[in-house]
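Descriptive analysis of the structure
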Amino acid sequence: MSQFFVNLPEGAAVCAPGDYLLRSEREHWRVHRVEDLLLVQRLVPDPSTPTSLYLEKHLLDSMAPAYFNEVQLLLTAYAGRFATEQVAVEAVRNQTLTEAERGLLRPARAFSANATRVIRPERST
């Protein structure tokens, strides 16, 4: 089995599943939880049998498919906008967050290292 490595985009926050991302958005902070890191492959239906799907990368010759080898974050977004980074950190540490939406898929590059704080929960052994 061959190995295939992909890097996080340059300048993106370094994160892993289970981490919380606190992102500065102008005058407030938003909180997300990383559920997984993914590479997305687009599926294209077969014109003669629409229930049969093909990986787009196998159908194109000259151009890479959208999102090709781009790291995506599968996220849970939490409700609320926090006035300061410290208030957001306390909400994560005290587990007072309210889940707003699961299954959000966002490019890792959307969470830049200089606008995002990563909180890695303590792992139990």
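Placed above this text is the structure.
Residues numbered from 1 in each chain as written. Predicted model: local features only at pLDDT ≥ 70, side-chain atom pairs only at ≥ 80, totals over all residues. Heavy atoms only, no water.

**A short note on the overall build of the protein**
Selection rule: Secondary structure counts use DSSP, requiring at least four H or I residues in a row for a helix and at least two E residues in a row for a strand, with both numbered from the N terminus. Working definition: with a 1.4 Å probe on protein chains only, accessible area under 20% of the residue-type maximum means buried, over 50% means exposed, and in between means partly exposed. Contacts are assigned to residue pairs with any non-hydrogen atoms lying within 4.5 Å of each other. For every accessible area listed, the method is Shrake-Rupley and the probe measures 1.4 Å; residues are considered covered only by the protein chains on display.
Within the protein, the regular secondary structure consists of 1 helix and 7 strands. Starting at the N terminus and walking to the C terminus, you meet the elements of the protein as β-β-β-β-β-α-β-β. Each of the 125 residues in the protein was classed as buried or not, and the buried ones make up 30%. Counted over contacts in the protein with a minimum sequence separation of 6, partners at least 24 positions apart contribute 70%. For the protein, the exposed surface amounts to about 8700 Å²; the carbon and sulfur share of it is 50%.

**Some details on the environment of Leu59**
The residue Leu59 is located in the loop between β4 (53-55) and β5 (71-78) in this model. In this structure Leu59 comes out as partly exposed when scored by relative accessible area, which is 45%. Leu59 sits 15 residues away from Val44 along the chain, and the two C-alpha atoms are 8.8 Å apart.

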